[in-house]
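Okay, here's what each chain looks like letter by letter:
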Amino acid sequence: MSLQADLSVKLDTSGLVTTLLNGLSSASGNLNGVTLPASGQQLSDAQQPTTSLDTSGIGSIVGQVVASIGPLLGSFPGTQEVLAPL
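Bear in mind the structure is a predicted one, so any value in this text is a computation, not a measurement.

Quick notes on the rules
Residues numbered from 1 in each chain as written. Predicted model: local features only at pLDDT ≥ 70, side-chain atom pairs only at ≥ 80, totals over all residues. Heavy atoms only, no water. Helix = DSSP H or I, 4+ residues; strand = E, 2+ residues; numbered from the N terminus. Buried < 20%, exposed > 50% of the residue type's maximum accessible area, 1.4 Å probe, protein only. Salt bridge = Lys/Arg side-chain N within 4 Å of Asp/Glu carboxyl O. pLDDT = per-residue confidence, 0-100.

A. Focus on the overall build of the protein chain. Along the backbone of the protein chain there are five helices and zero strands. Helices (α) and strands (β) of the protein chain occur, in sequence order from the N terminus, as α-α-α-α-α. In terms of overall dimensions, the protein chain has C-alpha extents of about 70 × 45 × 20 Å along its principal axes. Across the 86 residues of the protein chain, 1% fall into the buried class.

B. Looking closely at the pattern of salt bridges. Considering all chains together, one arrives at one salt bridge under this definition. We note a salt bridge from lysine 10 to aspartate 6, for which the minimum N-O separation is 3.8 Å. One end of the pair, lysine 10, and the other, aspartate 6, are both in helix H1 (residues 3–10), four residues apart, so they sit about a helical turn from each other.

C. Here's a closer look at the environment of leucine 53. Along the chain, the position of leucine 53 falls in the loop between helix H3 (40–47) and helix H4 (58–74). Given a relative accessible area of 58%, leucine 53 falls into the exposed group. Between the C-alpha atom of leucine 53 and that of leucine 16, which follows or precedes it by 37 residues, the distance is 48 Å.

D. Layout of the confidence of the model for the protein chain. The predicted model of the protein chain averages 82 in pLDDT, with 97% of residues at 70 or higher. Considering each helix and strand of the protein chain separately, the mean pLDDT is smallest for helix H5 (residues 79–83), with a value of 71, and largest for H3, with 88.

Structure, rendered in structure tokens:
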């Protein structure tokens, strides 16, 4: 058997792809049957009060939390090996 034929047989993923697509299509069919618990008008009414919400102070708080996560993760054993590729 030639190298090309050998690789074609070993790298053939058509069966796996078909299985994946069948699983995804059945899952999406299940999701299509889900009804929202609220109507579009109810969702719009719920969003209306948030238009005047002031979120300007949240950015600095998020920055502080993100800055403190690094040292915290560094204190766990084995973190360097896991996060080194990132």
